Amino acid sequence: QLPTHPYGEWNTLEAIVHGSESIEIILNGQVVNRLYDIRLPKENTEEPGEPLADGGIALQSENQEIFYRNFMIKVLKP
C-alpha cells in the first residue's frame, strides 16, 4: 500500500535522479521505487541500449484527476 494522504490533502513526491545511474522515487518520505542503469531500448527490440542521461520530464496519473503545485527542479551537488 502506498503511503498516500487522505483525499483532499497534498502528497509530496520526490524524484532523485543521478543521470543514467539511478532514480529514487520518494512518496511522503517513503521510498516507493528505485531504478538502476537506466537505458533506452535498442530500436525495435527490448534489449538495453544507450544510457538515458538526459531528456524531458513526464508526470501522469492513471484513473484519477491529479493536480500539481510547487513543482521544483534542483541541481544536487555531486
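The text that follows walks through the structure, step by step, so that each part is easy to find. What you are looking at is a predicted structure, and each value in this text was computed from that prediction instead of being measured.

What counts and how
Residues numbered from 1 in each chain as written. Predicted model: local features only at pLDDT ≥ 70, side-chain atom pairs only at ≥ 80, totals over all residues. Heavy atoms only, no water. Helix = DSSP H or I, 4+ residues; strand = E, 2+ residues; numbered from the N terminus. Buried < 20%, exposed > 50% of the residue type's maximum accessible area, 1.4 Å probe, protein only. Contact = heavy atoms within 4.5 Å. Areas by Shrake-Rupley, 256 points an atom, 1.4 Å probe, with all protein chains shown as cover. Pairing = 2+ DSSP bridges. Axes fitted to C-alpha atoms, helices over the stretch in contact; angles between N-to-C directions. Salt bridge = Lys/Arg side-chain N within 4 Å of Asp/Glu carboxyl O.

## Here we look at the overall build of the protein chain
Thought 1: The secondary structure content of the protein chain amounts to zero helices and five strands.
Thought 2: Listed N to C, the secondary structure of the protein chain is β-β-β-β-β in terms of helices and strands.
Thought 3: In terms of overall dimensions, the protein chain has C-alpha extents of about 40 × 35 × 20 Å along its principal axes.
Thought 4: A buried classification covers 10% of the 78 residues belonging to the protein chain.
Thought 5: Within the protein chain, residue pairs in contact and separated by at least 24 positions form 19% of the contacts whose partners lie at least 6 positions apart.
Thought 6: A total accessible area of about 7500 Å² is found for the protein chain, and carbon and sulfur atoms account for 51% of it.

## A closer look at the sheet that holds strand S2 (residues 22-27)
Sheet strands pair by backbone hydrogen bonding; their relative direction is either parallel or antiparallel.
Thought 1: Read from one edge of the open sheet, three strands run S1-S2-S3, paired in antiparallel fashion. Unpaired on one side and paired on the other, strand S1 (13-18) and strand S3 (30-36) mark the two borders of the sheet. Strand-to-strand twist across the sheet, computed as the mean angle between neighbouring axes with direction ignored, equals 15°.
Thought 2: Pairing of S1 with S2, which is carried by six bridges, proceeds in the antiparallel orientation. What sits directly across from glutamate 14, in S2, is isoleucine 26.

## Some remarks on the pattern of salt bridges
Thought 1: Taken as a whole and assessed by the stated rule, the structure comprises three salt bridges.
Thought 2: Lysine 42 is paired through a salt bridge with glutamate 47; the nearest N and O atoms lie 3.8 Å apart.
Thought 3: Residue class for lysine 42 comes out partly exposed when judged on its relative accessible area of 42%.

## Structural notes on unusual backbone geometry
Thought 1: You will see that asparagine 44, though not glycine, has its phi angle at about 65°, which is positive.
Thought 2: Following the sequence through the fold, asparagine 44 ends up in the loop between strand S4 (39-41) and strand S5 (48-51).
Thought 3: In the Ramachandran plot, asparagine 70 falls in the positive-phi region, its phi being about 55° despite a non-glycine side chain.
Thought 4: Inspection of the secondary structure puts asparagine 70 in the segment after S5.
Thought 5: Using a relative accessible area of 59% as the deciding quantity, one classes asparagine 70 as exposed.

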